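Structural overview
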There are 2 protein chains.
Amino acid sequence: MNLDQLVARGVWRIRLGEPEQFTPVGMREIPPDLTGLENLPAVAARFAPGDLRFKTTARGCVVEIPMVDGEQIYGFGLQLKSLNQTAKKRTIRVNSDPLADTGDSHAPVPFYVSTAGYGILIDTLRYAMVNTGSHVKVGQGTPASGGSAPSGNVNELYKARELQGRYCVVDVPVAKGVDIYVFGGPDLRTAVQRYNLFSGGGCLPPLWGLGVWYRGSTHHNADGIMGLAKQLRDDRMPCDVFGLEPGWQSQAYSCSYRWSSERFPQPDEFLKNLQSLGYRPNLWEHVFVHPTAEIYEALKPVSGDYEVWGGLIPDLSLPKAREIFAGFHDREFVAKGISGFKLDECDNSDITPWFWSFPEAAEFPSGLDGEQMHSALGPLYQRTLLAPYRQRNQRTFCQVRANHALAAPYPFALYSDLYDHRDFVRGVTTAGFSGLLWSPEVREGASVEDLLRRIQAVALSPHALINAWYIKNPPWKQFATGQNNADEFLPEADAVTDAVRKVFEVRMQLLPYLYTAFARYRFEGLPVCRALVMDYPDDVNTHKRDDEWLLGDRLLVAPLFAGQTEREVYLPAGDWYCWWTKQKYPGGQVHKVAAEVDTIPLFVKTGTILPVAAPVQFVAPGTVFDITAQVWGTPSEPARLFEDDFETFDFERGAFNWVELTTDRRVIRQGGFAGERYRIVKWETMFG
Amino acid sequence: MNLDQLVARGVWRIRLGEPEQFTPVGMREIPPDLTGLENLPAVAARFAPGDLRFKTTARGCVVEIPMVDGEQIYGFGLQLKSLNQTAKKRTIRVNSDPLADTGDSHAPVPFYVSTAGYGILIDTLRYAMVNTGSHVKVGQGTPASGGSAPSGNVNELYKARELQGRYCVVDVPVAKGVDIYVFGGPDLRTAVQRYNLFSGGGCLPPLWGLGVWYRGSTHHNADGIMGLAKQLRDDRMPCDVFGLEPGWQSQAYSCSYRWSSERFPQPDEFLKNLQSLGYRPNLWEHVFVHPTAEIYEALKPVSGDYEVWGGLIPDLSLPKAREIFAGFHDREFVAKGISGFKLDECDNSDITPWFWSFPEAAEFPSGLDGEQMHSALGPLYQRTLLAPYRQRNQRTFCQVRANHALAAPYPFALYSDLYDHRDFVRGVTTAGFSGLLWSPEVREGASVEDLLRRIQAVALSPHALINAWYIKNPPWKQFATGQNNADEFLPEADAVTDAVRKVFEVRMQLLPYLYTAFARYRFEGLPVCRALVMDYPDDVNTHKRDDEWLLGDRLLVAPLFAGQTEREVYLPAGDWYCWWTKQKYPGGQVHKVAAEVDTIPLFVKTGTILPVAAPVQFVAPGTVFDITAQVWGTPSEPARLFEDDFETFDFERGAFNWVELTTDRRVIRQGGFAGERYRIVKWETMFG
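Residues numbered from 1 in each chain as written. Chains lettered and ligands numbered in written order. Predicted model: local features only at pLDDT ≥ 70, side-chain atom pairs only at ≥ 80, totals over all residues.

Sheet strands pair by backbone hydrogen bonding; their relative direction is either parallel or antiparallel. All names here are of chain B. Strands sit in the order β29-β30-β31 across an open sheet of three strands; the sheet is antiparallel. The open sheet is flanked by β29 (639–643) and β31 (667–671), the only strands paired with a single partner. Sheet twist, expressed as the average angle between the axes of neighbouring strands with direction ignored, equals 20°. (Pairing = 2+ DSSP bridges. Helix = DSSP H or I, 4+ residues; strand = E, 2+ residues; numbered from the N terminus. Axes fitted to C-alpha atoms, helices over the stretch in contact; angles between N-to-C directions.)

Here's what the structure looks like:
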């Protein structure tokens, strides 16, 4: 056991046994952001030599990490079924259809953080299992519980006991050793920052990526898509990215990566038309290569031994496979103005009747096996398609349906085919613990109310996506799939359209604020959307709060769900103001908050200088924002805005400014970017 | 690869690589029934050397077994979510709460059978995964499907393709080798028989075990139980076994195995009272040993390293642990008239919020790890508690909540806390492929109709169990839990009681027929309840028929579900008669069959001589059955009845008779049992 190897400020590697050849850290492309890590405070090592227990077994290896009483665990990637991960068994296994609170997820990450102020990364691609203090060993825990009265229901019989003397037990199959990375705090939030910076820092999307996205029906041809695109502009609906679904391809399961000559006979012209309306085109695809694809034969020697939907599985851990795949995409799509991709189906699904993807027993030419590749595929696929954009000095923002460790630098938002609204909202609160971005995407609705509640939540999430892939018209014309596809519109379609525009315009007003939050994610590793417990780990009222989140440092979002006219909102310490009514709410308590169907509860922390832009419909190459500096209460600190060209990597070489709005209402612009993209046009006192 | 080692007639072992130390066959107690196997016809080897592919990997080992086009797969133990296991991924993992059709089950078995006429046992305790022809390798399967039209829903996108060039891919973790046992046909049913005989032959319960079981509320004290027991007799409700739930113990989670001094202050007297009414007492328990148990200290050195509910996990693979556990049970319970046990909680649950049992990383003194022990625990626990009965030359019939390979000889019926009625009925059709008995137990109901439909199904299943563990009064007095516990009875309670008695009396009429079916299970390995496909594998109409079953060789049961007044029943080739109306139904087609709420569709195959007993309320030591020989249509073969003392192992030494009812209406009794337990009192022509 090689304890206590400091690999960067506040980050320790503990090598146990002999780790496997293929691991997330071992395969990483992007190095740790050492500068970012140096900017965080020094911290003492969390664990002393001998604190961890380790053994190898026939099954692999086991690491036991001690816990303290009352410690609460979060993380493990995108978890739709629960926020708090304490006293559970988590299986870190990529799956698109997690059926219960098991750890399985589109984007499970072998990383967790604790309210005791540290984080743990288990550097493995294996389907590790982690018991987070759910069990104790004989003679090492609390005495057996008393209570001899018989119980008449299973909930009571089986309810979890609060145990003492607990360990987090990490069970790694196959591997005869594993590197454990320990991230210091002193608090949970700083541990998350260190993890993200160790991953390379958070991603900084181009500004247009933070606007509204719309994906049109897979059945539309070029005319159908252009009709939709024009309609959005006519309706003054904010929209930056227009996405095409499988129907753009001649073969989609598996993928030909060729335009359908039937639906898109003149793709170049179609793309120009779309771009002329200010849209950034985005293409759906997956990684399984159809025999009619141009790259099929070239990829065959660098692909796995199994087929998926009759297509190849390119081994994207091999540079050659990445080159073939990326080179083709660069030439055929990126060069022609495709702003990004939606990388579908890279997650696996083997617990549903529609079982697809490859078995764990699959073999790949690199030596990766199917189990490892299921964990690695999402990150490898992202890395492959980022390369052409990086070469062109052009940032992108994309979608992906699978992720894993060290993902923070990848500008990809997660999504899923699942659709429970509470689960989707919970995902916003859980993704941020592990360097992930999650979109609670909106497709159709069960009612006008359900549709609006969903759109309100997605509008204030990391990725504002309308995914109308199986409905012909925008969902605000008709929430029900059948009627929508039959062009039967709601009588109140105009009012619903107004309500949708209203919340999307809030997003567009907050665009510079959001962009700046992403810049902090990039440089400081601080997630943009955060569960309350990340900022208030010592407040036990936050420990299970899974339906509200912090947006940047100064806003709190508490969406309603269909059927609610009001909800309970817990506001942490400090006063808060309602964005809409300006009403003041004292923090540290639960409030009943009502909201009309066209309004989402949104709170501003007291002392905030909030930069609010005049909303644009989309971000054009030359867009300059007119900004009102809203002063909520007595300003406690200056606001800062991150300013650059909004779309290249020049900021990495210093071409950016920090624009400070000071407490005494001055504007100080400092940095190496020559342009001015923010114009402070007004100071406004919102209260007091 | 050591192909083609004939281990018994029609059974081949194929040793691949180096198998693990602990496997079901390696740990078996009961030897194969070589006599039974010799009585089956000879059959050629299914696979030639080289047909199977094998490799070891870092993850374990992989076996690929070729399939033929159109081949249908069944088995893998108790499967509640599906009957037909073709083109799926099955994970052979013991779990009490399977959430979807994944293979997980209370009683998964690494054994499957095929309509192509063979069976495969994978001799492992590992959580093996089997892809039953769901995938093909590059260049080895059918060409990629055509169809370039985009699809607008996920069901269509993901629907399974019928593939050719398929293999069953068996992925065994950890192990660097495995023994595959191939069971010859020539048909599916004979392959099942060979597997059961290889397991040691089916179990033969004592006749009382095939009567009706009632488990009373866990909250009852001795007086409460005696009140219930008397009430059943007063109501003339058939009942042989009375079971006590956790409340009989002073501590139940974990178990003290001590009578509660509060609820059962005089256990010996209580047991005598219960027996005096003709009941066989049965005790609930589980295997996790509370510190107050008498055997706690003795078991400590032979237990696993983890606690479950504060109790020890005895390592029952060790003779010493079995001796301590069994010796105590013999002295304290078996000697005092306890007829059997209900072995709860031995299955594991780690995919629910109420996560319990031990982790896979647990260690046991024998060298078994937690993963292996989860597979082995059910069989080991059964074996442990059978020993005292065997020593006393006393047969038992018990319950258990987990099972695995080679279980046919164990006289234990499975049950579960789940309760979907269609799943429960499906379990009757799936359990029989792998040497298991399953009870679709009845607790409460959603309505009178739901309750009656459930009771009708359980009455004609392997184990007729009312498990009223959380309701005070019999469910036929009140189906709803809350009202039942408040003594608020149904206005129509008498009519419901009559309807329940009616179907339980059918079971008691069929008791000799059922007992004989179990004797065939014992000697020929033929399951008592069988999915239609087991007897008619070439009839494609049976391939997915999961809601009706064959009961013995001459009866077919087709239960209704709440909400139905009629249902579709598929009757295989040959004519069938309705048990109730005597109406004749031609086979080979689907019929719409209606049934009043007090009636379950039950069909008799034409040509049957059916021995029907005058129903007794319970089986007493001296019970003799008055039997009517019902002749349905023109009898095609004689009926046979198995006759012995109904309760000891003397039959193994020849003390049994076959009583033949011939087509010309004679009774021929042959064998070494001196008594006469069946009295043929009448011949009755039922039709024609």
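We are not done yet, so read on.
On to the packing of helix α7 (residues 319–332) of chain B against helix α8 (residues 370–391) of chain B, then. All names here are of chain B. Packing of α7 against α8 leaves a shortest axis separation of 9 Å and a crossing angle of 50°. Relative to α8, α7 is oriented oblique. Between α7 and α8 the crossing geometry is right-handed. Where α7 abuts α8, its residues Arg322, Phe325, Ala326, His329 and Asp330 lie against Thr384, Leu385, Ala387 and Pro388. The class makeup of the residues in the contact of α7 with α8 is five nonpolar, two polar and two charged. (Parallel < 35°, antiparallel > 145°, perpendicular 65-115°, else oblique. Left-handed = near helix turned anticlockwise from the far one by under 90°. Contact = placed C-beta atoms within 7 Å. Nonpolar A, V, L, I, M, F, W, Y, C, P; charged D, E, K, R; others polar.)

Accessible area lost during the coming together of the parts is what is often quoted as the interface size. Contact with chain A, which involves 70 residues of that partner, is made by 69 residues of chain B. The set of elements that each furnish at least two residues to the side of chain A that touches chain B consists of β9 (129–132), α2 (154–158) and β10 (167–173) of chain A. Among the elements that line the side of chain A that touches chain B, the one with the most residues is α2(A), at four residues. Of the residues belonging to the side of chain A that touches chain B, the class tally is 33 nonpolar, 23 polar and 14 charged.

So, about the relation of the copies chain A and chain B. Superposing chain A onto chain B takes a rotation of 180° plus a shift of 0.0 Å along the axis, which leaves an RMSD of 0.0 Å. Here the copies are linked by what is in effect a two-fold axis. A symmetric contact is evident, with 99% of the interface residues of chain A recurring at the interface of chain B. (Least-squares fit on C-alpha atoms with pLDDT ≥ 70 in both.)

This paragraph deals with the sheet that holds strand β3 (residues 53–57) of chain B. Residues and elements named next belong to chain B. Reading across from one edge, β3-β4-β10-β9-β6 is the order of the five strands in this open sheet, with antiparallel pairing throughout. In this open sheet, the two strands that pair with only one neighbour each are β3 and β6 (89–91). Strand-to-strand twist across the sheet, computed as the mean angle between neighbouring axes with direction ignored, equals 15°. Inspection of the sheet shows strand β4 (residues 60–66) paired to strand β10 (residues 167–173) by seven bridges, in the antiparallel sense. Looking at the pairing, Val63 lines up with Val170 of β10.

Residue and element names in this part refer to chain B. Taking 1.5 Å of rise per residue, the 22 residues of α8 would be expected to cover 32 Å, and the 31 Å separating its terminal C-alpha atoms lies within 8% of that figure. For α8, a buried count of 19 out of 22 residues is recorded, marking the element as mostly surrounded by other parts of the structure. After α8 finishes, the residue Asn393 shows a positive phi value of roughly 50°. (Expected span 1.5 Å × (residues − 1). Buried ≥ 20, exposed ≤ 12 C-beta atoms within 10 Å, placed from the backbone.)

Let's shift gears to the pairing of strand β11 (residues 176–184) of chain A. Put simply, side chains in a regular strand alternate between the two faces of the sheet. Residues and elements named next belong to chain A. With seven of its nine residues buried, β11 lies for the most part within the structure. Relative to β11, strand β2 (residues 11–18) runs antiparallel, the two sharing eight bridges. By the bridge assignment, Arg13 is partnered in β11 with Tyr181. Bridge count for strand β8 (residues 118–122) against β11 is five bridges, and the pairing is antiparallel. Bridging across to β11, Tyr118 finds its partner in Gly184.

Attention now goes to the packing of helix α10 (residues 448–459) of chain A against helix α12 (residues 493–509) of chain A. All names here are of chain A. Where α10 meets α12, the closest approach of the two axes is 9 Å, and the angle between their N-to-C directions is 15°. Judged by the angle between their axes, α10 and α12 are roughly parallel. The two elements α10 and α12 cross, and the hand of that crossing is right-handed. Between α10 and α12, the residues in contact are Val448, Leu452, Ile455, Gln456 and Ala459 and Val496, Ala499, Val500, Val503, Phe504, Val506 and Arg507, respectively. A breakdown of the residues in the contact of α10 with α12 according to their chemical character gives ten nonpolar, one polar and one charged.

The subject of this paragraph is the confidence of the model for chain A. In this model, chain A carries an average pLDDT of 95, and 98% of its residues clear a pLDDT of 70 or more. Across the predicted assembly, pTM comes out at 0.95 and ipTM at 0.92. (pLDDT = per-residue confidence, 0-100.)

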